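Examining the three-dimensional arrangement
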Amino acid sequence: MQLTAAYRTMLRIRILEEKIIDCANRNLVAGFVHPYTGQEAIAAGVLAARRPDEWVVSFYRCHGHAVAAGLPLDGIVREVLGREGGVCGGKGGSMHLADRERRFLGASSIVGSQLSVAAGVAMAERGTGRATVVFCGDGALGAGVSYETLTISATLGLPLLLVCEDNGWQDQTRSELVRHRTPAQLVDGLGLDHVEVDGNDVAAVHRAAETLLTRCRRERRPQVLVARTYLRHYHAQVGGARPPEYRPAEEVAYWLARDPLDIAAAAADVPDPWLAEARAEIEREVDEVFAAALAAPPPDVATAATNVTAAPLPAAVPAVAAVAR
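The structure presented is a predicted model; accordingly, all values stated were derived computationally and were not measured.

Each value, and the rule that gives it
Residues numbered from 1 in each chain as written. Predicted model: local features only at pLDDT ≥ 70, side-chain atom pairs only at ≥ 80, totals over all residues. Heavy atoms only, no water. Helix = DSSP H or I, 4+ residues; strand = E, 2+ residues; numbered from the N terminus. Rg over C-alpha atoms; globule rule 2.2 N^0.38 Å. Buried < 20%, exposed > 50% of the residue type's maximum accessible area, 1.4 Å probe, protein only. Contact = heavy atoms within 4.5 Å. Areas by Shrake-Rupley, 256 points an atom, 1.4 Å probe, with all protein chains shown as cover. Right-handed = clockwise from strand over helix to strand, strands pointing away. Polar contact = N/O pair within 3.5 Å; in protein donor to acceptor, adjacent residues only side chain to side chain. 1 Å grid on protein atoms, 1.4 Å probe; cavity = no way out; pocket = protein on both sides within 12 Å on 5 of 7 lines; lining within 4 Å. Points joined across faces, edges and corners; volume = space filled by probe spheres on them. Nonpolar A, V, L, I, M, F, W, Y, C, P; charged D, E, K, R; others polar. Patch = residues over 30% accessible without salt bridge, like charges linked within 9 Å, V, L, I, M, F, W, Y side chains within 5 Å. Salt bridge = Lys/Arg side-chain N within 4 Å of Asp/Glu carboxyl O. Pairing = 2+ DSSP bridges. Axes fitted to C-alpha atoms, helices over the stretch in contact; angles between N-to-C directions. Core = buried A, V, L, I, M, F, W, Y, C linked by side-chain atoms within 4.5 Å. Expected span 1.5 Å × (residues − 1).

**As for the overall build of the protein**
Regarding its fold elements, the protein presents 12 helices and 10 strands. On C-alpha atoms alone, the protein measures out to a radius of gyration of 20 Å, which is about the 20 Å that the 2.2 N^0.38 rule sets for 325 residues. Expressed as lengths along the three principal axes of its C-alpha atoms, the size of the protein is roughly 55 × 50 × 40 Å. Across the 325 residues of the protein, 50% fall into the buried class. Excluding contacts between residues fewer than 6 apart, the proportion of contacts in the protein whose partners are at least 24 apart in sequence is 76%. As displayed, the protein has an accessible area near 14000 Å², and 53% of this comes from carbon and sulfur atoms.

Below, the structure is given as structure tokens:
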């Protein structure tokens, strides 16, 4: 992995997310927005180690994963804004990005549910030499489906890499108040191979992901990467209603001083003019994408029942006819 390339991926995620938050503040995004700011090194580091033919499964904090997986910015932005041309036709929204062509199977808004989906993919991929990558927040390890899925994955020997993005909070509640063990301790109790890493250091994340993905492919058993990180913004917002600051000021200040972009830039040892040029270039790219997306129409209501089932629903179904009107 080239550090300069990783930095550009992280910067693209950061600028995209800040623009999405701005749109949410102007009530241009339907539903909730879950920022990925501050966690960019995890998506960039892990997915730089993933092969293009390996599936990725995400969750509601999915924009960064989608960018790092190679989904087009235009398709991501149009989807988040609910416009024609989105990766899901503008009908999935911020929490449900998917792109089969790029093996990004999708994101789920139901906490922990993505693990069971990913296990099914990993089961189908057994014997192919490919691993499956699934992301979750540390709060997902409090869901029963997560324990069931990890137990089944270990028993069946599934080539599944679980990446736990441990930002220390579950919505507006500190994780230690609702979970008596750390994510690493929990998966260790299940007898799973795991590595704990600084999630704000993209090079460290990448090295760990390469090691664990190699084990998944070779040994065909689940692996867990726990990446310690922190959100620069907040868990979520809906419309222009931003949540009040619920975290201690000194804690926020500590993590803001450990920005993954700054860490990557220092490690890459690139001059300030290079950094400024990269930011200006990506800002222009993102601005153009948003301008085009905001000028695009919403999806035609007649398409409401398309891309929902494997085969088109009969035209005579009353509910479809009502939507079309």
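Still more to cover.
**Overview of the pairing of strand 9 (residues 223-228)**
Strand 9 sits mainly inside the fold: five of its six residues count as buried. Handedness of the β-α-β unit built from strand 8 (residues 193-198), helix 8 (residues 202-219) and strand 9 comes out right-handed.

**Some remarks on the side chain of His65**
Topologically, His65 is positioned in helix 3 (residues 63-68). At 3.4 Å, the side chain of His65 and the side chain of Tyr36 are in polar contact. With near-sequence residues (within four places) excluded, His65 lies in contact with Tyr36, Ala43, Leu47, Ser58, Phe59, Phe104, Phe135 and Glu165.

**Overview of the layout of surface pockets**
Space inside the largest pocket adds up to approximately 350 Å³. Lining the largest pocket, in full, are Val87, Cys88, Lys91, Gly92, Ala98, Asp99, Arg100, Leu105, Thr306, Asn307 and Val308. In terms of residue class, the lining of the largest pocket is made up of five nonpolar, three polar and three charged. Approximately 290 Å³ is the volume found for the second largest pocket. Asp166, Gly168, Ser175, Glu176 and Arg179 are, among the 20 residues lining the second largest pocket, the residues nearest its centre. Of all the secondary structure elements, the ones that give two or more residues to the lining of the second largest pocket are helix 7 (183-189), strand 9 and helix 9 (249-256). Split into classes, the residues belonging to the lining of the second largest pocket amount to six nonpolar, five polar and nine charged.

**Some details on the environment of Glu165**
Mapped onto the elements, Glu165 comes out in strand 5 (residues 160-166). Residues Glu165 and Cys136, 29 residues apart in the sequence, show an inter-C-alpha distance of 6.1 Å. The residues touching Glu165, leaving out its near neighbours within four places in the chain, are Tyr36, Gln39, Ile42, Phe59, His65, Phe135, Cys136, Gly137, Asp138, Ala227 and Thr229. In this structure the side chain of Glu165 is engaged in a polar contact, spanning 3.2 Å, whose partner is the side chain of Gln39.

**Brief notes about a nonpolar patch on the surface**
On the surface, Met123, Ile152 and Leu156 cluster together to form a nonpolar patch covering roughly 250 Å² of accessible area. Positionally, Met123 belongs in helix 5 (residues 113-124). According to the relative accessible area criterion, Met123 is partly exposed, its value standing at 38%.

**With respect to the sheet that holds strand 9**
Overall, parallel pairing links the six strands, which are arranged 3-2-4-5-9-8 in an open sheet. Here the strands that pair on one side only, and so sit at the sheet edges, are strand 3 (104-108) and strand 8. Averaged over neighbouring strand pairs, the angle between their axes works out to 15° when direction is ignored. Packing against the sheet, helix 2 (residues 40-47) makes contact with strand 2 (56-59), strand 4 (132-137), strand 5 and strand 9, and its axis sits at approximately 170° to strand 4.

**Focus on the nonpolar core**
Ranked by size, the top nonpolar core spans 65 residues in total, and within it Val46, Val133, Phe135 and Leu225 carry the most contacts. The greatest single-element share of this core, amounting to 10 residues, is contributed by helix 1 (residues 3-25). Once you skip the residues sitting within four places of it in the chain, Phe135 turns out to touch Ile42, Val46, Leu47, Val56, Val57, Ser58, Phe59, His65, Gln114, Val163 and Glu165. Counting residues in hydrophobic clusters, the runner-up holds 19 residues, among them Leu158, Leu186, Val187 and Leu192.

**As for helix 11 (residues 272-295)**
Here helix 11 contains 24 residues, and its C-alpha end-to-end distance of 35 Å stays within 8% of the 34 Å for a straight helix at 1.5 Å per residue. Within the sequence span of helix 11, burial applies to Leu275, Ala278, Ile282, Val286, Val289, Phe290 and Ala293. On its buried face, helix 11 is in contact with helix 1, helix 4 (73-80) and helix 10 (260-268).

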